[in-house]
Amino acid sequence: MTKVLVSGATGTIGRPLVNQLENAGADVRTVTRALTDPVALKAALDGVDAVFLLWPFASAEGAREVLELIGARRVVYLSSAAARPHEVEIERLIAGTAREWTVLRPHAFAANTLRWAEQVRAGVVRQPSGDAAFSPIHERDIAAVAVRALLGEGHHGAVYTLTGPRPLTQREQARAIGRPVRWEEEPPEEARRRLLGLGWPAPAVDGMLRSMAEPGPTTRTVEEVTGAPASAFGTWASEHAADFLGTMRAARIHEYGDASVISLDEVPVPKPGPGEVLIRVAATSFNPSEVGLRMGLLQDVLGVTLPHTLGWDVAGTVVTGAGDFAPGDRVFGLIDGAAAEYAVATASALAGAPERIPLADAAAVPVAGLTAWQAVFEHARVGRGTRVLINGAGGGVGLFAVQLAKHAGAYVVATAGPRSAAAVRALGADEVVDYTSAPLPGGNDVLINLVADVPASVTRLAKEFVSITQPIEHPRAVRFVARNDPGQLAELAALIDKGVVHVTADVRPLESLADLHRAAERGLVRGKVVLNVEA
């Protein structure tokens, strides 16, 4: 196993480099501030075969001593395409001491556009040389070349100029970030004064302004070394979208209590991790069980950490892709923290949203639709000819359960109050019983219970029982809590797109969430309520 020492391991290049080296099976050690500490560096170098050197200083002072300690090992040095005097000097020192050496000269980091983040949030990017074209390179591609040079053969003496796959002007880069921005050309003398005011040394400012005004090269070195094409700037921009977004609104609770504990907070946009997507939320929905969460009744079940962002159902558009999803894809799913303008979710937990209905309406589906699907097909095993009694058919879960049971070929008897009866009948129920004035009918093969108060007498109404609320005392009864199942969500989306399943929802603004909780506690909420998050 090759032992590699990485300097600058927490930096832009260092982080992906460490990950890629470990994935390649290398034994990785890291060093940051201890680079110029002889004792610490000597200890870090013990047993090391190769060194990735990032020199964090603007001069070569002290580099000779460091390189003498590194000695006759393999060295990969991160220089720059500018080949500034101190970088050239370090390259010379490495060539004179290392057993094998490779120099990386990246040109125009894609990550440099992060300096525009505040301006992007304001909607105007004001910088010099907007028409100068470069081929910005993804930091992951620089790391990939470094891995080959550190672990592989055939790179000794190579000086690699690294770029992205195609040139873009700075104006084009600003537009590719994915936010609506306007470019304003900043006169070079104004930019110089601004940068000097920020404490930049004059030689560095002048050198940067000169390099920004000149078009950069485009090379195929990344592909030639790694065998894979360099990443497009749009890929980098998508992965770093959260860095340009700033803050967002989120409906959160900071303590347990009545509906007044719900507040709309301004919080940072979350950043997705590996395998996660960032979603621009179109809508979430209200679920009655969130009242219990807000009151603190589900602490033992859910393990909520305060402050907590509400919302389990999500429908939105992918901003940062992962897994099977790319930016712009419409998705929906069951997640935590959906009552916000942006949310992060594991890609494998989501499904493509149905196309037949507005995206916001798709937020009505995950919790209620999955609960209905699992009640009808997994637990009640409803099929052709089954006589099923759905108790509470006018609620969010019930409206889906009626349709799914009918789709399965069942004879559906549904209970509903006067306000919901017409909707339940329109969705296909064969019989609708007004539970406020008539007894529940018997002679059923299975009873699916969706209401909180269940009299003991229901055990005479069917042969089998399924409940999502309180348990029913019967040998052939089951109570369950729905689980997330993206495959079932995909099947629901397909049925919606075919017109087999219809989605009906009352759409309200996110700001009404606290009032919605109050109404639910008074029994005034019926059907499914969707909360529109987009302004």
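(A) Structural view of the overall build of the chain. Each helix and strand in the chain was counted, giving 18 helices and 26 strands. Its C-alpha radius of gyration of 30 Å places the chain more than 25% over the 24 Å reference for a compact globule of 535 residues. Seen along its three principal axes, the alpha-carbon backbone of the chain occupies a region of about 95 × 55 × 45 Å. Buried positions account for 51% of the 535 residues belonging to the chain. Restricting the contact set of the chain to residue pairs at least 6 apart, pairs at least 24 apart contribute 70%. If you sum the accessible surface of the chain, you get close to 23,600 Å²; carbon and sulfur atoms cover 51% of it. Side chains of the chain carry 51 positive and 59 negative charges; the gap between the two charge centres is 2 Å.

(B) Looking closely at the environment of threonine 346. Take threonine 346: it is sitting in strand β17 (residues 342–346). Judged by relative accessible area, threonine 346 falls into the partly exposed class, the value being 38%. The spatial distance from the C-alpha of threonine 346 to the C-alpha of glutamate 511 is 27 Å, given a sequence separation of 165 residues.

(C) Broad picture of the pairing of strand β15 (residues 313–320). The buried count for β15 comes to six of eight residues, which makes it a mostly enclosed element. In this structure, β15 lies alongside strand β16 (residues 330–334), joined through five bridges in antiparallel fashion. When the bridges of β16 are listed, glycine 316 appears paired with valine 331.

(D) Looking closely at the packing of aromatic side chains. All chains considered together, the criterion is met by five aromatic pairs. Between tryptophan 55 and phenylalanine 57, the aromatic rings sit 5.1 Å apart at their centres with planes inclined by 75°, giving edge-to-face as the arrangement. For phenylalanine 57, a relative accessible area of 39% gives the class partly exposed. An aromatic cluster is present here, built from Phe233, Trp236 and Phe244 joined pairwise through their rings.

(E) The sheet that holds strand β5 (residues 100–106), seen in detail. Pairing in this open sheet of six strands is parallel, and the strands run β2-β1-β3-β4-β5-β8 from one edge to the other. What marks the edges here is a single partner per strand, and that holds for β2 (27–31) and β8 (158–162). This sheet shows a mean twist of 15° between the axes of neighbouring strands, independent of strand direction. Across three bridges, the pairing between strand β1 (residues 3–7) and strand β3 (residues 50–53) is parallel. Across the sheet, residue valine 6 finds its bridge partner in β3, namely phenylalanine 52.

(F) Geometry of the packing of helix α8 (residues 188–197) against helix α9 (residues 202–213). Where α8 meets α9, the closest approach of the two axes is 10 Å, and the angle between their N-to-C directions is 145°. The way α8 lies across α9 gives a crossing that is right-handed. Facing Pro188, Ala191, Arg192, Leu195 and Leu196 of α8, the residues of α9 in contact are Ala202, Val205, Asp206, Met208 and Leu209. Grouping the constituent residues of the contact of α8 with α9 by class yields eight nonpolar, no polar and two charged.

(G) Quick peek at unusual backbone geometry. For the bond running from leucine 306 to proline 307, omega is -5°, close enough to zero to count as cis. Even without a glycine there, the phi angle at alanine 108 is positive, about 60°. Position of alanine 108 relative to the elements: it lies in the loop between β5 and α5 (117–122). Overall, alanine 108 belongs to the partly exposed group, its relative accessible area being 22%. One non-glycine residue with positive phi stands out, namely arginine 381, at about 50°. Along the polypeptide, arginine 381 turns up in the loop between α14 (366–379) and β19 (387–391).

(H) Highlighting the packing of helix α1 (residues 14–23) against helix α6 (residues 139–151). Here α1 crosses α6 at 45°, and the two axes come no closer than 8 Å. The angle between α1 and α6 falls in the class oblique. In this structure, α1 meets α6 at a crossing whose hand is right-handed. Every residue of α6 that contacts α1 at Pro16, Leu17, Gln20 and Leu21 is listed here: Glu139, Arg140, Ala143, Ala144, Ala146, Val147, Leu150 and Leu151. Here the residues of the contact of α1 with α6 sort into nine nonpolar, one polar and two charged.

(I) Quick peek at the side chain of arginine 249. Position of arginine 249 among the secondary structure elements: in strand β11 (residues 247–253). Within polar-contact distance, the side chain of arginine 249 engages the side chain of glutamate 511 at 2.4 Å. Among the polar contacts listed, one links the side chain of arginine 249 to the backbone oxygen of valine 533, at a separation of 3.0 Å. Not counting residues up to four positions away in its chain, the partners in contact with arginine 249 are Leu264, Asp265, Glu266, Ala340, Glu341, Glu511 and Val533.

(J) Representation of the nonpolar core in the model. Grouped together as the largest cluster of nonpolar side chains are 52 residues, with contacts concentrated most on Phe332, Val382, Val388, Ile390 and Val402. Listing elements by their share of this core, those giving two or more residues are β13 (276–286), α14, β19, α15 (396–407), β20 (411–416), β22 (444–449) and α17 (486–497). No other element matches the seven residues that α15 contributes to this core. With sequence-adjacent residues up to four places away left out, valine 388 is seen in contact with Val382, Ala405, Ala410, Tyr411, Val412, Val413, Val446 and Ile448. Counting 32 residues, the second largest nonpolar core, distinct from the first, contains Trp312, Ala343, Leu513 and Leu516.

(K) Focus on the sheet that holds strand β14 (residues 308–309). Spatially, β12-β11-β14 is the arrangement adopted by the three strands of the open sheet, whose pairing is antiparallel. The sheet is open, and its two edges are formed by β12 (262–268) and β14, each paired on a single side. Note: β11 against β12, seven bridges, orientation antiparallel. Bridge pairing in β12 links alanine 250 to aspartate 265.

What counts as what
- Residues numbered from 1 in each chain as written.
- Predicted model: local features only at pLDDT ≥ 70, side-chain atom pairs only at ≥ 80, totals over all residues.
- Heavy atoms only, no water.
- Helix = DSSP H or I, 4+ residues; strand = E, 2+ residues; numbered from the N terminus.
- Rg over C-alpha atoms; globule rule 2.2 N^0.38 Å.
- Buried < 20%, exposed > 50% of the residue type's maximum accessible area, 1.4 Å probe, protein only.
- Contact = heavy atoms within 4.5 Å.
- Areas by Shrake-Rupley, 256 points an atom, 1.4 Å probe, with all protein chains shown as cover.
- Lys, Arg positive; Asp, Glu negative; His and termini not counted.
- Charge placed at Lys NZ, Arg CZ, Asp CG, Glu CD.
- Pairing = 2+ DSSP bridges.
- Phe/Tyr/Trp six-rings, centres within 6.5 Å; stacked < 30°, edge-to-face > 60°.
- Axes fitted to C-alpha atoms, helices over the stretch in contact; angles between N-to-C directions.
- Left-handed = near helix turned anticlockwise from the far one by under 90°.
- Nonpolar A, V, L, I, M, F, W, Y, C, P; charged D, E, K, R; others polar.
- Parallel < 35°, antiparallel > 145°, perpendicular 65-115°, else oblique.
- Polar contact = N/O pair within 3.5 Å; in protein donor to acceptor, adjacent residues only side chain to side chain.
- Core = buried A, V, L, I, M, F, W, Y, C linked by side-chain atoms within 4.5 Å.

In short, the description is geometric, and any link to function would need to be established separately.
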